[in-house]
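Listed below, chain by chain, are the residues.
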Amino acid sequence: MSNVRRTEHAFFSLEDDYVLDPVSLLQGIEPTPAAKAQIVALAVLTGERCEISHEDWSVLVSIPVDGWVSGDRYDPALIRGLLEKGLLLSDSSEPFFRELRERDETLTETAWHPYAGLYHFATRWSGIDIREDIDGDEDLAALTEAAVRELVAEHGFPPTELPHVRATETVSLPGRIRTEPIYRTLTERRTTRVFDLERPMALDDLDAVLRYVFGCHGYASRVEGVVCIKRTSPSGGGLHPITAYPIITNVEGVAPGVYHYNADDHSLALLSAMPAKETRELAAQFVCGQEYFATAHVSFVLAARFYRNHWKYRRHPRAYAGMLMEAGHLSQTLYLIAAELGLGAYVTIAINGADIETRLQLDGFDTGALAVCGCGPRASRASALEPKFTARRPAVTR
Ligand SMILES: Cc1cc2nc3c(=O)[nH]c(=O)nc-3n(C[C@H](O)[C@H](O)[C@H](O)COP(=O)(O)O)c2cc1C
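The following paragraphs examine the structure supplied in this document.

Conventions and cut-offs
Residues numbered from 1 in each chain as written. Predicted model: local features only at pLDDT ≥ 70, side-chain atom pairs only at ≥ 80, totals over all residues. Heavy atoms only, no water. Helix = DSSP H or I, 4+ residues; strand = E, 2+ residues; numbered from the N terminus. Buried < 20%, exposed > 50% of the residue type's maximum accessible area, 1.4 Å probe, protein only. Areas by Shrake-Rupley, 256 points an atom, 1.4 Å probe, with all protein chains shown as cover. Lys, Arg positive; Asp, Glu negative; His and termini not counted. Charge placed at Lys NZ, Arg CZ, Asp CG, Glu CD. Axes fitted to C-alpha atoms, helices over the stretch in contact; angles between N-to-C directions. Left-handed = near helix turned anticlockwise from the far one by under 90°. Contact = heavy atoms within 4.5 Å. Nonpolar A, V, L, I, M, F, W, Y, C, P; charged D, E, K, R; others polar. 1 Å grid on protein atoms, 1.4 Å probe; cavity = no way out; pocket = protein on both sides within 12 Å on 5 of 7 lines; lining within 4 Å. Points joined across faces, edges and corners; volume = space filled by probe spheres on them. Near = heavy atom within 4 Å. Polar contact = N/O pair within 3.5 Å; in protein donor to acceptor, adjacent residues only side chain to side chain. Pairing = 2+ DSSP bridges. Expected span 1.5 Å × (residues − 1). Salt bridge = Lys/Arg side-chain N within 4 Å of Asp/Glu carboxyl O.

### Regarding the overall build of the protein
Move 1: Along the protein, the regular secondary structure elements total 13 helices and 16 strands.
Move 2: Across its three principal axes, the protein shows a C-alpha extent of roughly 75 × 65 × 55 Å.
Move 3: By residue count, 40% of the 398 residues in the protein fall in the buried class.
Move 4: Surface exposure of the protein reaches about 22,900 Å², of which carbon and sulfur atoms provide 54%.
Move 5: Distance from the positive charge centre (40 side chains) to the negative charge centre (54 side chains) of the protein: 8 Å.

### A short note on the environment of Tyr115
Move 1: With respect to the helices and strands, the residue Tyr115 is situated in helix α5 (residues 114-122).
Move 2: You can call Tyr115 exposed: its relative accessible area is 58%.
Move 3: In the structure, Tyr115 is positioned 205 residues away from Tyr320 in sequence and 9.4 Å away in space, judged by C-alpha atoms.

### A few points about the packing of helix α8 (residues 203-214) against helix α12 (residues 319-341)
Move 1: One way to put it is that α8 packs onto α12 with a least axis distance of 9 Å and a crossing angle of 145°. Note on packing geometry: the crossing formed by α8 with α12 is right-handed. Between α8 and α12, the residues in contact are Asp205, Ala208, Val209, Tyr212, Val213 and Phe214 and Leu330, Thr333, Leu334, Ile337 and Leu341, respectively.
Move 2: Class assignment for the residues of the contact of α8 with α12 results in 9 nonpolar, 1 polar and 1 charged.

### Things to note about the layout of surface pockets
Move 1: Estimated volume of the largest pocket: approximately 350 Å³.
Move 2: In terms of residue count, α12 provides more of the lining of the largest pocket than any other element does, 5 residues in total.
Move 3: When grouped by side-chain class, the residues that make up the lining of the largest pocket number 12 nonpolar, 5 polar and 1 charged.

### Examining the site of the ligand
Move 1: Close to the ligand lie Arg189, Arg190, Thr191, Arg193, Gln290, Tyr292, Phe293, Val347, Thr348, Ile349 and Ala350.
Move 2: Arg193 is positioned with one of its side-chain polar atoms (N or O) 2.8 Å from an oxygen atom of the ligand.
Move 3: At 2.7 Å, a side-chain N or O of Thr348 approaches an oxygen atom of the ligand.
Move 4: With the chains in place, 60% of the 620 Å² that the ligand exposes on its own is no longer accessible.
Move 5: For the shell around the ligand, the secondary-structure elements that each account for two or more residues are α10 (291-294) and β15 (344-348).
Move 6: Its residues placed into classes, the shell around the ligand shows 5 nonpolar, 3 polar and 3 charged.

### Regarding the sheet that holds strand β12 (residues 257-262)
Within a beta sheet, neighbouring strands are joined by backbone hydrogen bonds and run either parallel or antiparallel to one another.
Move 1: Pairing within the open sheet is antiparallel, and its 6 strands lie in the order β13-β12-β11-β14-β16-β15. Looking at strand neighbours, the two that pair on one side only are β13 (267-273) and β15, the edges of this open sheet. Going across the sheet, the axis of each strand differs from the next one's by a mean of 25°, ignoring polarity.
Move 2: In this sheet, β13 lies alongside β12 in antiparallel orientation, the contact comprising 6 bridges.

### Observations concerning helix α4 (residues 95-109)
Move 1: With 15 residues, α4 should cover 21 Å at 1.5 Å per step; its first-to-last C-alpha distance of 21 Å lies within 8% of that length.
Move 2: Buried residues of α4: Phe97, Leu100, Arg101, Arg103, Asp104, Thr106 and Leu107, and no others.
Move 3: Against β1 (3-6), α3 (76-84), β8 (88-90) and α5 lie the buried residues of α4.

### A short note on α5
Move 1: Among all positions in α5, only Ala116, Gly117, Leu118, His120 and Phe121 are buried.
Move 2: On its buried face, α5 sits against β2 (10-15), β5 (38-43), α4, α11 (306-310), α12 and β16 (367-376).

### Regarding the side chain of Arg231
Move 1: Here Arg231 lies in the loop between β10 (226-230) and β11 (242-248).
Move 2: Buried within the structure, Arg231 lacks any salt-bridge partner; its nearest side chain of opposite charge belongs to Glu326, at an N-O separation of 6.6 Å.
Move 3: Excluding residues within four positions of it along the chain, Arg231 makes contact with Val213, Phe214, Gly215, His217, His240, Ile242, Thr243 and Leu330.

### Points about the pattern of salt bridges
Move 1: Applying the stated rule across the entire model yields 17 salt bridges.
Move 2: Between Glu99 and Arg103 there is a salt bridge, with its nearest N and O atoms 3.0 Å apart. Taken together, the positions of Glu99 and Arg103, both in helix α4 and 4 residues apart, correspond to about one turn of that helix.
Move 3: For Arg184, the salt bridge identified is with Glu188, shortest N-O distance 3.9 Å. Highlighted residues: Arg184 and Glu188, both in helix α7 (residues 181-188), separated by 4 residues, approximately one helical turn.
Move 4: A relative accessible area of 41% means that Arg184 is categorised as partly exposed.

Quick look at the structure:
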């Protein structure tokens, strides 16, 4: 048996277990909680939740995080179970255990805050595909409406759309309508769910999107070797940890496939060429089967190089939230540039992050997917999935 140590990247909680009494179940009586709660482990290294026994627990608490101990002292089956659950680490060369050990080292060395690591890795999706239960946009629109009606039936109405705070003094504002181009662009920004499959996106438009959303517009350095970059979106510490992987399906003069955008020389590095149909299917898998987004002419995987941010914000409790905000800023800038160019755009965080990382050959612990956004010429037909916004508030009876 090899040496073992405990990972620091795991969380434990107590969850009530329920005594399943078939007679009460048939009578509709709620099951009663068991006298003893169940210990549940959340292993950051695997992103999995698992139940552990009291024997597991007593072994775990006796094994240190900061030093190897011989596994021979313990029940081999119990130790193997904890190793497989990603709660213990082994110094063995077995590939799976080596992989977990490397993930553990990467998480520690790249200064992840423990809560951020737990949130990111325990909520990362793989293999989610809405197409399994849905047949086209009309069906999805009908199902979404039915789900909203069910929510209202079960939970009542949502909080009001705009909060109105009453006060003894209020200041009325002029509300001047602005006509300068930036205001027009802002009001034209909207999410598109039907892209034009017949019309390719102009290379000139892709060039503008890359340059003005993800491009580098300047450098600054106060300390030798530490370089901040200027983009059209803000970034904590000017570090800009997010890089874009364009999935190109239909851009004139650019072969369909998976690319990385090299902002330093404003070029596209082709990682994998494939037919447009396959590239579109890949994009669909990345966005959990949302085919209406996958028809975009180009989709961008927003991948964070976590340590670029963590280098400064070491084990910082707000660092991860900052990176999610930065993904939001980049996608809003994409929407605005797209609106300016007369293109449609989208963003989603409903992504199969784990699958994206595997496909892009990213080590998810060091570089990981946060969101996917995209753009392209809109189709002229309307989508059943796009809400119609009007200037008038719909009548509401509460
Ligand atoms: C974080 C985030 C996630 C989103 N995810 C989805 C999504 O998974 N699917 C979708 O159809 N729209 C998604 N949207 C788009 C919103 O549905 C859209 O912004 C909203 O309907 C308002 O429409 P508008 O963008 O045209 O103003 C997302 C937007 C944001 C900001």
